[in-house]
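Inside the fold
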Amino acid sequence: MRYKAVLFDLDGTLIDSEKNYAVSDRQFLSEYGIELTEELQSHLIGIGSSEMLAWLRERHGITEPVETMLAKKNELYLELARRNTEVFPEMRKVLEELSRRKIPMAVASGSSRSVVLELLERLRLERFFNAVLSSEEV
């Protein structure tokens, strides 16, 4: 089978980031007096960062702009991610093999573009991808 291109999700697919998001989201939400319950967490999974924050603002009467909230959320996450994020070893092998075969690859993520780009660079994955899309572009 010949692939024309391969599209990857970032969080939980290429990198082991879910624990960092759970910790940083819990801390972030507590600043607004919101408890990260299992029910809330399951509702928020898969939603882009900006969309998630707009929903939280509306539901909890938060007056702070989404952009300000997003900057805080990203910084809390990156503090953890810079120290504790790993590439899944088998995924690195997949990327290397697809690259060897000259198959174009892209990342599409619900995370903020700045977060995605920083993690790809930090983990030395940026060289594999022809395109990076975040929820901010879609």
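Before reading further, recall that the structure is shown in the block above.
Source: prediction; values computed, not measured. (Residues numbered from 1 in each chain as written. Predicted model: local features only at pLDDT ≥ 70, side-chain atom pairs only at ≥ 80, totals over all residues. Heavy atoms only, no water.)

1. So, the nonpolar core
This is how it is decided: Nonpolar cores are built from buried Ala, Val, Leu, Ile, Met, Phe, Trp, Tyr and Cys residues. Side-chain atoms within 4.5 Å join them into one set. Each residue gets one of three labels from its accessible area relative to the maximum for its type: buried under 20%, exposed over 50%, partly exposed in between, using a 1.4 Å probe on protein chains only. For helices the rule is a DSSP run of H or I covering at least 4 residues; for strands it is a run of E covering at least 2, with both sets numbered from the N terminus onward. Whether two residues touch is decided by their heavy atoms; if any such pair falls within 4.5 Å, the residues are in contact.
The biggest cluster of nonpolar side chains holds 25 residues, and the ones touching the most others in it are F8, L14, L125 and F129. Residue assignment for this core shows that the elements contributing at least two residues are β1 (6-8), α4 (66-84), α5 (89-100), β4 (105-109) and α6 (113-122). With four residues, the single largest contributor to this core is α6. If near-sequence neighbours (up to four positions away) are discounted, F8 is found in contact with L14, M91, V94, L95, L98, M105, A106, V107, A108 and F129.

2. Considering the pattern of salt bridges
Think of it this way: side chains of opposite charge can pair up when their charged atoms draw near. Defined as follows: We define a salt bridge as a contact between a side-chain nitrogen of Lys or Arg and a carboxyl oxygen of Asp or Glu at a distance within 4 Å.
Applying the stated criterion to the full structure yields 10 salt bridges. Between E75 and R82 there is a salt bridge; the shortest N-O distance is 3.2 Å.

3. A word on the sheet that holds strand β5 (residues 131-134)
Each strand in a sheet pairs with another by means of backbone hydrogen bonds, the pair being arranged parallel or else antiparallel. This is how the line gets drawn: For two strands to be treated as a pair, DSSP must find at least two bridges joining them. Under this scheme, a helix contributes an axis fitted over its contacting stretch, all axes are lines through C-alpha atoms, and angles between N-to-C directions fall in the 0 to 180 degree range.
Pairing is parallel across the open sheet formed by three strands, whose spatial order is β1-β4-β5. With partners counted over all chains shown, the strands left at the sheet margins are β1 and β5, one partner each. Pairs of neighbouring strands in the sheet enclose a mean axial angle of 20°, with direction left out of account. Bridging between β4 and β5 involves four bridges; their strand directions are parallel. Among the inter-strand pairings, V107 is bridged to a residue of β5, identified as V132. Packing against the sheet, α5 makes contact with β1 and β4, and its axis sits at approximately 155° to β1.

4. Here we look at the pairing of β5
Using the following cut-off: Convention used here: a crossover is right-handed provided that the path from the first strand, over the helix, to the second strand proceeds clockwise when the strands point away from the viewer.
Because side chains alternate across β5, one face comprises the buried residues V132 and S134, and the other comprises A131 and L133, none of which is buried. Between β4 and its parallel partner β5, the chain crosses via α6, and the hand of that crossover is right-handed.

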